[in-house]
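# Structural overview
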Amino acid sequence: MWAVTILAVIALLVVDFLITRRPHEVSMREALGWSAFYIALPLAFGGWIWAAFGSSTGVQYLTGYLVEKSLSVDNLFVFMLLLSAFAVPPAFQQRVLLLGIVGALVLRGVFIALGAAVLANLSWAFLLFGGILLATAVKILLDQVRGNGHDVDVSQMRSVRLIRRFMPITDDYRGPRLSVRENGRRMLTPLAVVVVAVFATDIVFAVDSVPAVYGITSDPYLVFATNAFALLGLRALYFVLQGALSKLVHLGYGLATILAFIGVKLVLHWAHGVWPGVPEIPTLASLGVIVGVLAVVTMTSLWATRNADEDSGDADGSAHAVEHRPQDGAEAEGGRSDEARADETQDAPARDRR
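This section reports on the structure supplied with the text.

### Description of the packing of helix 3 (residues 55–85) against helix 9 (residues 234–241)
At a minimum axis separation of 10 Å, helix 3 and helix 9 run at an interaxial angle of 70 degrees. Taken together, the axis directions place helix 3 and helix 9 in an arrangement best described as roughly perpendicular. In the crossing of helix 3 with helix 9, the sense of the turn from one axis to the other is right-handed. Contacts from Lys 69, Ser 72, Val 73, Leu 76, Phe 79, Met 80 and Leu 83 in helix 3 reach Leu 234, Leu 237, Tyr 238 and Leu 241 in helix 9. Across the contact of helix 3 with helix 9, the residue classes break down as 9 nonpolar, 1 polar and 1 charged.

### Focus on the packing of aromatic side chains
Here the structure, examined in full by the defined rule, presents 14 aromatic pairs. With a centroid separation of 5.5 Å and 80 degrees between ring planes, the pair formed by Trp 2 and Tyr 221 is classed as edge-to-face. Remark: Tyr 221 occurs in helix 8 (residues 220–232) and Trp 2 occurs in helix 1 (residues 2–19); sequence separation between them is 219 residues. Classification of Trp 2 as partly exposed rests on a relative accessible area of 39%. Its relative accessible area of 8% is what places Tyr 221 among the buried residues. Between Phe 129 and Tyr 214, the aromatic rings sit 6.2 Å apart at their centres with planes inclined by 40 degrees, giving tilted as the arrangement. In this pair, Phe 129 is assigned in helix 5 (residues 125–146) and Tyr 214 in helix 7 (residues 190–214), connecting sequence segments 85 residues apart.

### Quick notes on the pairing of strand 3 (residues 185–188)
A regular strand places its side chains on the two faces of the sheet in alternate fashion. Pairing between strand 2 (residues 179–182) and strand 3: 4 bridges, direction antiparallel. Bridge pairing in strand 3 links Arg 181 to Arg 186. Counted between consecutive antiparallel strands, the loop separating strand 2 from strand 3 contains 2 residues, among which Asn 183 sits at a positive phi close to 55 degrees.

About the cut-offs
- Residues numbered from 1 in each chain as written.
- Predicted model: local features only at pLDDT ≥ 70, side-chain atom pairs only at ≥ 80, totals over all residues.
- Heavy atoms only, no water.
- Axes fitted to C-alpha atoms, helices over the stretch in contact; angles between N-to-C directions.
- Helix = DSSP H or I, 4+ residues; strand = E, 2+ residues; numbered from the N terminus.
- Parallel < 35°, antiparallel > 145°, perpendicular 65-115°, else oblique.
- Left-handed = near helix turned anticlockwise from the far one by under 90°.
- Contact = heavy atoms within 4.5 Å.
- Nonpolar A, V, L, I, M, F, W, Y, C, P; charged D, E, K, R; others polar.
- Phe/Tyr/Trp six-rings, centres within 6.5 Å; stacked < 30°, edge-to-face > 60°.
- Buried < 20%, exposed > 50% of the residue type's maximum accessible area, 1.4 Å probe, protein only.
- Pairing = 2+ DSSP bridges.

As structure tokens, this is what we get:
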């Protein structure tokens, strides 16, 4: 099962790379077609899991997939902001997303292996994972209340600053190339910088994503399968939901509720192992709660934005691209002097010239 699934994932990624080999702007028809395929495929696989291994395993898979898919939609907010902040041309956006998905799959594989090892050797690991999810839920809720749930400060991203310090960057995009040779030296393109930024955010996403699905099932294979299927359809889903993301203004509340619920579920599972009288939350009940929460926040979001301009491309308070400018030429961590900013402007990618 592991070998077949990994080979299937690699084959699908190869097909995606062949599709994006020639840069082009993704049409809605193309995005809808691939989105339908990447939704039908995991659902069909879930049907086979249900038939082959029973309803309990089938419900665990479907619940885990739904959790991962809902979290991946939240990830799209940040991807949208990064592509906007770096002014990535529409023809190259799907290549950036695809490279980001490959990086996310690798990171999830590492985190899943580590999670399985921790759960197998530490009895209090469920308590640890539950605490991580509860802390993440509180952070998401506070960010949503303050209106900065998806702030992205490109200028302060450590990965971007590190690249700028050690590698020269071309002034503009050079097609789908990540690096070029000019005047006898190797230079990165802005496309490489935004790909690294996406990789960096993938690490943050994996920290709460993997514990969340381990709260549904302790089977590492199901954890990997749900993560892989949720991520594979992310590229096409981005172009389908690009205009609708700004309407999901209450998604943060829903995700905070779901992560808090799964966190409590993990804590109760740990407590049940110590004190058998402590009740556990069945997986089927978890599925009902997750579906209900997503349905409620979707309806309330659509109601809250019913009078909003349909053509608006902003995220209307759900997402913000931020570039802070330090005062008084501060050179401390997180700040830059006027001279440093002038040097950086010469290397700045097209995002600064939107």
